[in-house]
Amino acid sequence: MRKNIIIYGVFLFFILTGVTACTKSQGPIEKESQISFLAMDTSISLMAYGKDAEIALKKAQEQIQGLEKRWSVTDEESEIYKINHSDGKEVEVSKETAEILAFALQMAKQTEGALEPSIYPVVSAWGFTTEEKRVPLKEELADLLMYVGYKKIQLSDNSVQLEKGMQLDLGAVGKGYAGDKAVEVLKKCGITSALLDIGGNIQILGTKPDGENWNIGVRSPFYGDILGIIELSDCAVITSGNYERYFADKDGIIYGHIINPQTGYPVENDLASVTIIASQGKQCDALSTALFVMGLDKAIEYWRKNDGFEAILVTKEQGLYITEGIKEKFTLKQAYDYLKVYEVNR
Ligand code: AMP
Ligand code: MG
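Since the structure is predicted, the reported quantities are computational estimates derived from the model, not experimental observations.

**Some words on the overall build of the chain**
Scanning the chain from terminus to terminus reveals 9 helices and 17 strands. Whereas a compact globule of 346 residues would reach a radius of gyration of roughly 20 Å, the chain reaches 20 Å, a difference of no more than 12%. Out of the 346 residues belonging to the chain, those deemed buried represent 56%. Restricting to contacts in the chain with at least 6 residues of sequence separation, those with at least 24 account for 62%. For the chain, the accessible surface area stands at approximately 15,900 Å², while carbon and sulfur atoms represent 49% of it. Here the chain contributes 37 positively and 49 negatively charged side chains, and the mean placements of these two sets differ by 1 Å.

So, in structure tokens, the structure goes:
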């Protein structure tokens, strides 16, 4: 699976850089630098322009790797690991960890628990973080769900306390949040134009060096290719779906990595993928996961009640629902002409 992610990442990056390469001859000549590495269980490619871009990218890489060290669920040195093995005791955490947890709790509340940062006991039972995938028994899941519930997480300043048996998983918000932090680092280094691909999560700083919008490929849930292109600057584009990480049992039944916190089973609804476009990566990341859990109708209802983001929802029945604020900027790839497109209005 990791190999697939890497190939996909390189493919996506190739498309994106291919787009920018076309414009380089027209715009001012800015030095382009790139860096690729593995972190947060995915492949990451960062690209920035300007004379200080190379050093800025190194610092952004260090930032992302530093956050991975704090938030990994499997690294015994990480803060999340310590919280998850605290046996009900209070744990002191860094400012960044307290910040992301506060954000995850706020989004859990806002999405009525569709985003569930304490889902780890269930994710772990399915083996999604250990590569030993298995289908747990119904009774096992019912027992584990007793340890799931964001309302039971205590966070005050820099200390976190869970009830015994509870465990956190920041996998649904970590990459988006890390993207925001990486953009902050680049800005501090004076970079005004950059494109970050964090395992397919796209974060863009400014415009392309020639002042034009970036052309961002939206991931398709069907063949792992590009569904369409959106013209954007200064924002993030993040997609969630159960096509991303999954396994099949001996009967060929597919189980995806995004869990319905009500049942403990992988989400099974009318949606194939959810793409969120917003100014911040952390918001995109939290909402792409949460709206995927909600299903089409509730996701649309959520968008209508909440400002500050746009969405592209793809259904298993080949429908593409696009919110009014992004429709004009989106061009569907010819290969997906067969999808039925619906505009979603307020
Ligand atoms: P994403 O790729 O951002 O949609 O996040 C999916 C990851 O978040 C999974 O691999 C799990 O580690 C974790 N996760 C799964 N289901 C949920 C959920 N309902 N709420 C929060 N995190 C989840
Ligand atoms: Mg997410």
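**Section: the sheet that holds strand 7 (residues 201-205)**
Ordered in space as 1-2-6-7-10-13-14-15-17, the 9 strands form an open sheet in which the pairing is mixed. A strand with exactly one partner marks an edge of an open sheet, and here the two such strands are strand 1 (32-39) and strand 17 (340-344). Taking each pair of neighbouring strands and ignoring which way they run, the sheet shows an average axis angle of 10°. Pairing geometry for strand 15 (residues 319-323) and strand 17, over 5 bridges, is parallel. Residue L320 lies in a different strand from strand 17, and its bridge partner there is V341. Running at roughly 20° to strand 7, helix 7 (residues 174-188) makes contact with strand 2 (42-49), strand 6 (194-198), strand 7 and strand 10 (235-240) of the sheet. Packed onto the sheet, helix 9 (residues 296-305) meets strand 13 (271-278), strand 14 (310-315), strand 15 and strand 17 and runs at close to 170° relative to strand 14.

**Looking at the coordination of the magnesium ion (ligand 2)**
Distances from the magnesium ion (ligand 2) to its protein donors, namely A172 (O), D285 (O), D285 (OD) and T289 (OG1), fall within the range 2.1 to 2.4 Å. Sequence spacing of the donor residues for the magnesium ion (ligand 2), all on one chain, is A-x112-D-x3-T. In this pair, A172 sits in the loop between strand 5 (159-161) and helix 7 while T289 sits in helix 8 (residues 281-294), placing the two residues 117 residues apart along the sequence.

**Thoughts on the site of ligand 1**
As a matter of local geometry, ligand 1 sits amid 15 residues, with D169, S240, H257, D285 and T289 nearest to it. Interatomic distance of 3.3 Å between a backbone N/O atom of A172 and an oxygen atom of ligand 1. D285 is positioned such that a nitrogen or oxygen atom in its side chain is 2.9 Å from an oxygen atom of ligand 1. When atoms are counted within 2 Å of each cavity's grid points, the one that captures over half of ligand 1 is the largest pocket. At 3 residues, helix 8 tops the list of elements feeding residues into the shell around ligand 1. Of the residues assigned to the shell around ligand 1, the class counts are 8 nonpolar, 4 polar and 3 charged.

Procedures and definitions
- Residues numbered from 1 in each chain as written.
- Chains lettered and ligands numbered in written order.
- Predicted model: local features only at pLDDT ≥ 70, side-chain atom pairs only at ≥ 80, totals over all residues.
- Heavy atoms only, no water.
- Helix = DSSP H or I, 4+ residues; strand = E, 2+ residues; numbered from the N terminus.
- Rg over C-alpha atoms; globule rule 2.2 N^0.38 Å.
- Buried < 20%, exposed > 50% of the residue type's maximum accessible area, 1.4 Å probe, protein only.
- Contact = heavy atoms within 4.5 Å.
- Areas by Shrake-Rupley, 256 points an atom, 1.4 Å probe, with all protein chains shown as cover.
- Lys, Arg positive; Asp, Glu negative; His and termini not counted.
- Charge placed at Lys NZ, Arg CZ, Asp CG, Glu CD.
- Pairing = 2+ DSSP bridges.
- Axes fitted to C-alpha atoms, helices over the stretch in contact; angles between N-to-C directions.
- Donors = N, O, S within 2.8 Å, 3.2 Å for Na, K, Ca; no water.
- Near = heavy atom within 4 Å.
- Polar contact = N/O pair within 3.5 Å; in protein donor to acceptor, adjacent residues only side chain to side chain.
- 1 Å grid on protein atoms, 1.4 Å probe; cavity = no way out; pocket = protein on both sides within 12 Å on 5 of 7 lines; lining within 4 Å.
- Sits in = over half its atoms within 2 Å of the grid points.
- Nonpolar A, V, L, I, M, F, W, Y, C, P; charged D, E, K, R; others polar.

So, to be careful, I would describe these as geometric facts and stop short of saying anything about function.
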